[in-house]
Amino acid sequence: MEMDCVFKDITLEEALLILEEDEDINFDGIFIEPPEAVVLTDEDSAEEDESGLVDNLSGRQLRSGAEIFSQNENVDLSVSNLHENNEEEGDDIPENAPPKKKKCEKNSIKKKSRNPCTWVKHDLTAENVLLPNSDYTAFRALNPVEAFELFFNEQIIETIILESTKYALFKNEPDPLLSPEEIEVFIGILIVTGYNTLSGKRYYWENGADVRNNLVYNSMRRDRFIQIMKYLHLADNNFPNLQDKMWKLRPFMNLLQEKFHEQFRPEQHLDFDESMIPYYGKHSCKQFIRGKPIRFGYKAWCVNTVDGYLVSFDIYQGKQMSANTQYEADFGKAASPLVMMIDKLPDNVKCLPLRFYFDNLFTSFNLLSHLKERGYEATGTVRENRLPRDCAIPSSKDLKRKKRGTLEFAKSEEESILVARWVDNAVVTVASTCYGINPIQNVQRYCREEKKKMNVPRPHLIGEYNKYMGGTDRMDENLSLYRIGVRGKKWWWPIFTWLIDATIHNAWLTYKNAGNDMRQLQFRREIAQTYLELYKKPPQTEFDLDESGEGFLYSNVNS
């Protein structure tokens, strides 16, 4: 049974009051929104071992929004009822107490309703409109550094210098006098730490031969690197946007997003999924997702090509005042970012017959119908409770004991949406507006009874879904190989380094698709070595004379 929202538009403090006062009622879930953004500080709010207790929740956390879900339709409670119960028990209520809240009501934004459909056991015969192959001829003559600077250009470097200078003045400290060459060396050192990892950033300048990296040592002084890292900033603290919890990164993110769109060569098949950015500090946007390779961190919504090129992205931050509430009502909090990203695509891409692929976290019939109305096609796995009640297809429970290869399907005549349920190791349910059942292909699966591999018939739409789904996972795998290893105290530092890694990844894929055969590690090394050799500032050495007039050479500590 699908859970219904019993309490909506309440604060976390009120939700805790409800759960404490009514222990006899079974609540099936509680959704807590991230609290408002911190304006002036970049630091983590607390240590990991100081969090998790109700008594330790801050005022910002208690004021954050919350919703309570239950499958019990007879639950009839509200915050006002709790106040009334407290009055009956004789609790003293101050005269200046805030007015009682009325019973929590459903969101005023109406969810788009679906009309009943006629389901028939017919295959889907959609028109197969294909895009021509992407043209990368303009990138063939570029070297790795030039490919990287197509994305990380002078405008981005100037923005970093400008905002970092403003931040130093904001803290009433001297101008760090940053230069574009120093920023490029700084980025080059960050890239080196991704494939040459040490226990801490200071070890790259140590005198010990077992840890010191001569290329890094001769390119920038250690204390200068730490000073740049200290003042590095990407937005103006004098003009915070409290409606956006990512406002400290937003100018940098917008510039990169613009470059990702600009250098994107349109491809028909796009994958929408979530990516985790590792982070183990404390922040209101930090997420925990069980079963993911990275369980703790920030969650990023990503639109990727099949090979992993990052087309669009955004960081999940809970309730946003700038978000489209109608999209959230129609498609849910998880799928609404996809529709908003499609709205922001360049006009030359938005008009193409794109095909989107997503998993069961995002798939709904409202989303499939909406994309079809806009000229896009989509395929995705579907959860059991998101199928329409009038869908004439056996349940997963009924098919669970059937033999492998069993197939049931039905098509909605009005919306031309095909739903197929196929028995593999588990029962898989897929909905599509572009692929049908035929042609059926055989895939090999190991049979325990026969103790050998057997041919199992698989419908066409599931094969196509497996073929084109997974671009975000491929990007995550590539980024994990050479992730920037420098850790910072600022809460947004992991997102900043993730964006640099994603930029290098996009540049590498663009370079490869242009016909250049180079591994990602070599591509990163070319960028790092070029920056560190071209703009290096080796440690200063001095020549002094002793009392006898004989000279001796000494070098200062690289700090």
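Above this note sits the structure.
Now for a quick tour of the structure. All of these numbers come straight from a predicted model, not from anything done at the bench. (Residues numbered from 1 in each chain as written. Predicted model: local features only at pLDDT ≥ 70, side-chain atom pairs only at ≥ 80, totals over all residues. Heavy atoms only, no water.)

The next thing to look at is the pattern of salt bridges. For the coordinates displayed, the defined rule picks out 20 salt bridges. For the salt bridge of glutamate 262 with lysine 259, the shortest nitrogen-to-oxygen distance reads 3.3 Å. With a gap of three residues between them, glutamate 262 and lysine 259 both fall in helix H9 (residues 250-263), about one helical turn apart. Taking the relative accessible area as the measure of exposure, glutamate 262 reaches 42% and is therefore partly exposed. Looking at lysine 259, the relative accessible area reads 11%, which means it is buried. In this structure, arginine 355 engages glutamate 377 in a salt bridge whose closest nitrogen and oxygen atoms are separated by 2.7 Å. Separated by 22 residues along the polypeptide, arginine 355 in strand E9 (residues 355-358) and glutamate 377 in strand E10 (residues 377-381) bring together distant segments of the chain. With relative accessibility at 3%, the residue arginine 355 sits in the buried group. (Salt bridge = Lys/Arg side-chain N within 4 Å of Asp/Glu carboxyl O. Helix = DSSP H or I, 4+ residues; strand = E, 2+ residues; numbered from the N terminus. Buried < 20%, exposed > 50% of the residue type's maximum accessible area, 1.4 Å probe, protein only.)

Where the residue is not glycine, phi is negative for most of them; where a peptide bond is considered, it is trans in most cases. The step from asparagine 438 to proline 439 runs through a cis peptide bond, and the omega angle for that step is 0°. A positive phi angle, near 55°, is found at serine 416, a position not held by glycine. Assignment of secondary structure puts serine 416 in the loop between strand E11 (407-412) and strand E12 (417-423). Classification of serine 416 by relative accessible area gives partly exposed; the value is 24%. Phi is positive for lysine 451, which is not a glycine, with a value near 55°. Lysine 451 gets classed as exposed once you look at its relative accessible area, which sits at 66%.

A few words on a negative patch on the surface. Together, Glu146, Glu149, Glu154 and Glu158 give the surface a local cluster of negative charge. The set of elements that each furnish at least two residues to the negative patch consists of helix H4 (144-149) and helix H5 (154-170). By the secondary structure assignment, glutamate 154 is in helix H5. (Patch = residues over 30% accessible without salt bridge, like charges linked within 9 Å, V, L, I, M, F, W, Y side chains within 5 Å. Areas by Shrake-Rupley, 256 points an atom, 1.4 Å probe, with all protein chains shown as cover. Lys, Arg positive; Asp, Glu negative; His and termini not counted. Charge placed at Lys NZ, Arg CZ, Asp CG, Glu CD.)

Moving on: helix H10 (residues 325-343). Under the 1.5 Å per step criterion, the end-to-end length of H10 is only 15 Å for 19 residues, more than 12% shorter than the ideal 27 Å. Residue phenylalanine 331 marks the point of greatest curvature in H10, where the axis turns by about 120°. For H10, the full list of buried residues reads Tyr327, Ala329, Asp330, Phe331, Ala334, Ala335, Ser336, Pro337, Leu338, Val339, Met341 and Ile342. Of the surrounding secondary structure, the elements contacted by the buried residues of H10 are strand E5 (269-278), strand E7 (296-305), strand E8 (310-315), helix H11 (347-350), E9 and helix H12 (365-373). (Expected span 1.5 Å × (residues − 1). Bend = angle between axes of the 7 residues up to and from the residue. Contact = heavy atoms within 4.5 Å.)

Leu190, Phe358 and Phe496 are the most contacted members of the largest nonpolar core, which has 107 residues in total. The contact partners of phenylalanine 496, leaving out residues within four places of it in the chain, are Leu190, Leu232, Leu234, Leu249 and Phe252. Ala420, Cys434, Val456 and Ile462 belong to the second-largest nonpolar core, a separate cluster that totals 17 residues. (Core = buried A, V, L, I, M, F, W, Y, C linked by side-chain atoms within 4.5 Å.)

Let's shift gears to the packing of helix H16 (residues 493-513) against helix H17 (residues 520-534). Interaxial distance between H16 and H17 falls to 10 Å at its minimum, and their mutual angle equals 110°. Judged by the angle between their axes, H16 and H17 are roughly perpendicular. The handedness of the crossing between H16 and H17 comes out as right-handed. Between H16 and H17, the residues in contact are Asp501, Ile504, Ala507, Trp508 and Tyr511 and Gln520, Phe523, Arg524 and Ile527, respectively. (Axes fitted to C-alpha atoms, helices over the stretch in contact; angles between N-to-C directions. Parallel < 35°, antiparallel > 145°, perpendicular 65-115°, else oblique. Left-handed = near helix turned anticlockwise from the far one by under 90°.)

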